[in-house]
Structure formats: structure tokens, C-alpha cells
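So you can see what is in the structure, the chains are spelled out below.
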Amino acid sequence: MPTPLPSPFKTLAAAAALVVIAGCQPGPNPRPVPSVAQIGSNLKCPTGDDPLSDPQAGWGFCHPGEWKYIEKSQGSQSPPGLDLTFDITYSPTVRQPCTAATPPAPGSPRPPSSPCPGDFAFMIISTYERGSSTNLAGWEQANLPGPPVGESIAWGNSLEAVKLSDGRRIALTPHHIVILELHNGLLDLESAMAPRLDTWKFVY
């Protein structure tokens, strides 16, 4: 039976502990060089966008520069991993008049969003250990009860990705499974995030 790969979560935790211990030593202490590649440094965001990266989770992406967000984290035991939630508010530097979007008729496509200052929504990005799963279908069967039907999509440099019928996107990376869950409020996250999927970088 092959030896399982070391978990990046555990490796990063050990590295962080060593940095803390080193910081307590007397004498001059130059800033330590991170042992993990800094994801945000290799994101090429278009003008008007900002990079968002999480070295522990091992991913990064570009988002509208007008977004302000509050990030919260919570560990997951089953499956093992990390859930990050983002409360997002549209906060442009220059406030301009906006028109409230009219809800589309049933069955009609959603019109382009016209966000107003203060519009909000939230998203969840979950990063789980891949375990012994060799593909997305195997991981879904083992971890998602009654997984919805999905269609194959391109998502950054992931090895495999699908968009489920309930709107969630799932990516398979070398060591992780990443799930993106968008919850539109007055701010239309789907219209903002869908065209930016190609900006994602997965390093684990």
C-alpha cells in the first residue's frame, strides 16, 4: 500500500510553529523567507481587479477591486479540510448613481448586474484533503450524499473541474478538492466570478 502524501495543512502548521519559535529567540532576526510559494505574487489580474490568495489553502484568484470583504475560517472534520466564508460588500471608490436590477421573469436569463454601493452577498470556498480519490467522481461519491449532476468546466489550472446543477463548482488539484459556493444577495457574484475562473491558481 503506497504511503499517503503529507498533508499541506499539517506541513504549513509545523512551519508556522517553527517561525513563531524562531521569532522568540534573542538577537537580530531578519524576516524569514516563506517556504511556500506566495500565490498572490504570480496572479496577473486585469486593471481594476485585486488578487486574493490563501497560502494555507493553496489557491488564489482575482476579484473586482470594488469588493470589500470580511473573511472567516472554520475547520472541517468530515471531510477534513478548511471552510472559508467571505461577506462581500460592493464599495466603489467613486460612488455613482445605479439602477436597481429588475428580477428576471421565470425561465429568462438574469440581466447584467448594476451593483449599487452597499450591495452585499457571500461566498464559501472549501478546501478539503483529496485523500485516495483519483478523480472528482470518486471523491463526490465518497463525500457528497446524492451528488447533483455536473458538467465539466475549465477552472484555472485545476486537474479536473465540474459545475454541479445546484451551482457549486468543484475542482480537483494535486492534493486538494476545492468547492466554490456563491450566494447572491443584492450583489450578483455569479456574473463577477464566472468570467474570472481562469485567473485561479492552485498550488497543492
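Everything below is about the structure printed above this text.
Residues numbered from 1 in each chain as written. Predicted model: local features only at pLDDT ≥ 70, side-chain atom pairs only at ≥ 80, totals over all residues. Heavy atoms only, no water.

Caption draft 1: The state of the cysteines, seen in detail. For the coordinates displayed, the defined rule picks out 1 disulfide. The disulfide partner of C45 is C62, and the S-S distance across this bridge is 2.0 Å. Because the torsion about its S-S bond is -90°, the bridge between C45 and C62 counts as left-handed. Here the residue C45 occupies a position in the loop between α1 (8-23) and β1 (49-54), and C62 occupies one in strand β2 (residues 59-64), the gap between them amounting to 17 residues. On the basis of relative accessibility, which here comes to 24%, the residue C45 falls in the partly exposed class. Overall, C62 belongs to the buried group, its relative accessible area being 0%. (Disulfide = S-S within 2.5 Å. Helix = DSSP H or I, 4+ residues; strand = E, 2+ residues; numbered from the N terminus. Buried < 20%, exposed > 50% of the residue type's maximum accessible area, 1.4 Å probe, protein only.)

Caption draft 2: Layout of the sheet that holds strand β4 (residues 80-90). Across the sheet, which stays open at both edges, the 7 strands sit in the order β3-β4-β5-β9-β8-β7-β6 with antiparallel pairing between neighbours. If you trace the sheet from one side to the other, it starts and ends with β3 (67-77) and β6 (150-152), each paired once. Strand-to-strand twist in this sheet, taken as the mean axis angle between neighbours without regard to direction, amounts to 20°. Pairing geometry for strand β7 (residues 160-164) and strand β8 (residues 169-172), over 4 bridges, is antiparallel. Opposite E160, over in β8, you have L172 as the bridge partner. (Pairing = 2+ DSSP bridges. Axes fitted to C-alpha atoms, helices over the stretch in contact; angles between N-to-C directions.)

Caption draft 3: Broad picture of the environment of L197. Tracing the chain through its elements places L197 in the loop between α3 (189-193) and β10 (201-202). Overall, the relative accessible area of 8% leaves L197 in the buried class. Along the backbone, L197 and N157 are 40 residues apart, and their C-alpha atoms lie at a distance of 9.6 Å. Discounting residues that sit within four places of it in the chain, L197 has contacts with I153, A154, W155, G156, R169 and L180. (Contact = heavy atoms within 4.5 Å.)

Caption draft 4: Molecular detail of the packing of aromatic side chains. Under the defined criterion, the tally for this structure stands at 8 aromatic pairs. Between Y128 and W139 the ring centres are 5.8 Å apart and the planes differ by 20°, which places this aromatic pair in the stacked class. Here Y128, found in strand β5 (residues 120-129), pairs with W139, found in helix α2 (residues 136-143); they are 11 residues apart in sequence, far enough to count as distant. Assessed through its relative accessible area of 10%, Y128 is described here as buried. Judged by its relative accessible area of 2%, W139 is buried. For the ring pair W155 and W200, a centre distance of 5.1 Å and an interplane angle of 80° mean the geometry is edge-to-face. Of the two residues, W155 sits in the loop between β6 and β7 while W200 sits in the loop between α3 and β10, which places them 45 residues apart along the sequence. (Phe/Tyr/Trp six-rings, centres within 6.5 Å; stacked < 30°, edge-to-face > 60°.)

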